[in-house]
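Overview (structure and organization)
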Amino acid sequence: MAEIRIRNTGERISGFENVKAFLDKQNVLHERWDMSKLPEHLREKFVLTDEEKAEVLASFDEEIKDLAARRGYQIWDLISLSDQTPNIEELLKKFEQVHTHTEDEIRAITAGKGIFIIKSDEIGYFDVELEAGDVISVPENTNHFFTLMDNRQIVAVRLFIEKDGWIAYNVDDPEYVKA
Ligand SMILES: CSCCC(=O)/C(O)=C/O
Ligand SMILES: [Fe+2]
Ligand code: NI
């Protein structure tokens, strides 16, 4: 289940309903997918062949098409990050820089863990700690960044309206608060 940590105060919010209510106020979509739909051999697997990636996407076809119909996404794929990912340090350096996109950034975690750190005009930066089953959408033009957790591995479905909408625009934010 997702958990929130507000960086300026250290306050933590847990429990699906509490987290959802908090994220609703921040205009951040949060839903859960049923991970029992994922075949056992793909659970907690972080190095995936193209066939296995297609199998993960097929397992959640209904959920993906539902999100696409509700929110206008046109294309989707699967990203997996772990110490086995050849360019992992380079990718993390990019994800860990505060940035924005011109479309919302939606991710459904199917294995592992990760943290999206998002800026709110009212309360500053807050962490959303995510695990398998958590779906999140960071609103467009909103400062955020992403990092892995201690286990350093994650698999996530990404949906896009247009591929170009996901270009990252780095922001040099004086209000950025370190973990
Ligand atoms: C969990 S997906 C990896 C992070 C990512 O795709 C992104 O765009 C961060 O801003
Ligand atoms: Fe991003
Ligand atoms: Ni998986």
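Residues numbered from 1 in each chain as written. Chains lettered and ligands numbered in written order. Predicted model: local features only at pLDDT ≥ 70, side-chain atom pairs only at ≥ 80, totals over all residues. Heavy atoms only, no water.

1. Quick word on the overall build of the protein chain
The cut-off we apply is this: Runs of E in the DSSP output that reach at least two residues are strands. Runs of H or I that reach at least four are helices, and both are numbered from the N terminus. Put simply, the radius of gyration uses C-alpha atoms, and a globule should come to 2.2 Å times the residue count raised to 0.38. Only protein chains enter the accessibility calculation, which uses a 1.4 Å probe; a residue whose area is less than 20% of its type maximum is buried, one above 50% is exposed, and one in between is partly exposed. Only four residue types enter the charge count: Lys and Arg as positive, Asp and Glu as negative, with His and the chain ends excluded. Just so you know, the charge point we use is NZ for Lys, CZ for Arg, CG for Asp and CD for Glu.
Secondary structure assignment for the protein chain yields 4 helices and 11 strands. Taking 2.2 N^0.38 as the reference for a compact globule, 179 residues should give roughly 16 Å; the C-alpha atoms of the protein chain span a radius of gyration of 16 Å, in line with that estimate. C-alpha extents for the protein chain along the principal axes are approximately 45 × 35 × 30 Å. Considering the protein chain as a whole, with its 179 residues, one finds that 53% of them fall into the buried category. Looking at the protein chain, you have 22 positive and 37 negative side-chain charges, and the mean spots of the two groups are 2 Å apart.

2. Some words on the pattern of salt bridges
Filter applied, for reference: Any Lys or Arg side-chain nitrogen found within 4 Å of a carboxyl oxygen on Asp or Glu counts as a salt bridge.
For the structure on display, the rule yields 20 salt bridges. Arginine 12 is the salt-bridge partner of glutamate 129, the closest N and O atoms lying 2.8 Å from each other. Of this pair, glutamate 129 sits in strand β7 (residues 124-131) while arginine 12 sits in strand β2 (residues 12-13); the two residues are 117 residues apart in sequence, bridging distant segments of the chain. On the basis of relative accessible area, arginine 12 is assigned to the partly exposed category, the value being 42%. In this structure, lysine 37 and glutamate 63 form a salt bridge, with 2.8 Å as the shortest nitrogen-oxygen distance. Note that lysine 37 is positioned in the loop between β3 (29-32) and α2 (50-59) and glutamate 63 in helix α3 (residues 61-71), a separation of 26 residues in sequence.

3. A closer look at the site of ligand 1
Threshold: Note on definitions. A residue lies near a molecule or strand when any single heavy atom of the residue is within 4 Å of it. Definition of a polar contact: a pair of N or O atoms within 3.5 Å, with one able to donate and the other able to accept a hydrogen when the atoms are protein atoms, and with sequence-neighbouring residues admitted only if both atoms are side-chain atoms. Residue exposure ignores everything except the shown protein chains as possible cover, and the areas themselves are Shrake-Rupley values with a 1.4 Å probe. Lys, Arg, Asp and Glu make up the charged group, whereas Ala, Val, Leu, Ile, Met, Phe, Trp, Tyr, Cys and Pro make up the nonpolar group; the residues left over, Gly among them, are polar.
Residues in contact with ligand 1, as listed here, are Ile79, Leu81, Phe95, His99, Glu105, Arg107, Phe116, His144, Phe146, Ala156 and Trp166. Here an oxygen atom of ligand 1 sits 2.9 Å away from a polar atom, N or O, in the side chain of histidine 99. Computed on the free molecule, ligand 1 has an accessible area of 320 Å², of which 100% lies beneath the protein chains in the complex. Broken down by secondary-structure element, the contributors of at least two residues to the shell around ligand 1 are β4 (75-81), β6 (105-120) and β9 (144-148). For the shell around ligand 1, the element with the highest residue contribution is β6, accounting for 3 residues. Looking at the shell around ligand 1, its residues break down into 7 nonpolar, 2 polar and 2 charged.

4. Overview of the confidence of the model for the protein chain
Selection criterion: pLDDT runs from 0 to 100 and stands for how confident the predictor is about each residue.
Taken as a whole, the protein chain shows an average pLDDT of 96; of its residues, 100% reach a score of 70 or greater. Across the predicted assembly, pTM comes out at 0.95 and ipTM at 0.88.

5. As for α2
This is how the line gets drawn: The arc in question is the one traced by the directions running from the helix axis out to the C-beta atoms. Any two residues whose heavy atoms approach within 4.5 Å are treated as being in contact.
All buried positions along α2 are accounted for by Glu52, Val56, Leu57 and Ser59. Across the axial projection of α2, the buried residues extend over an arc of 160°, all falling on one side. Along α2, the residues that are exposed and aim more than 90 degrees away from the buried face are Asp50, Glu51 and Ala58. Buried residues belonging to α2 abut α3, β4, β6 and β10 (154-160).

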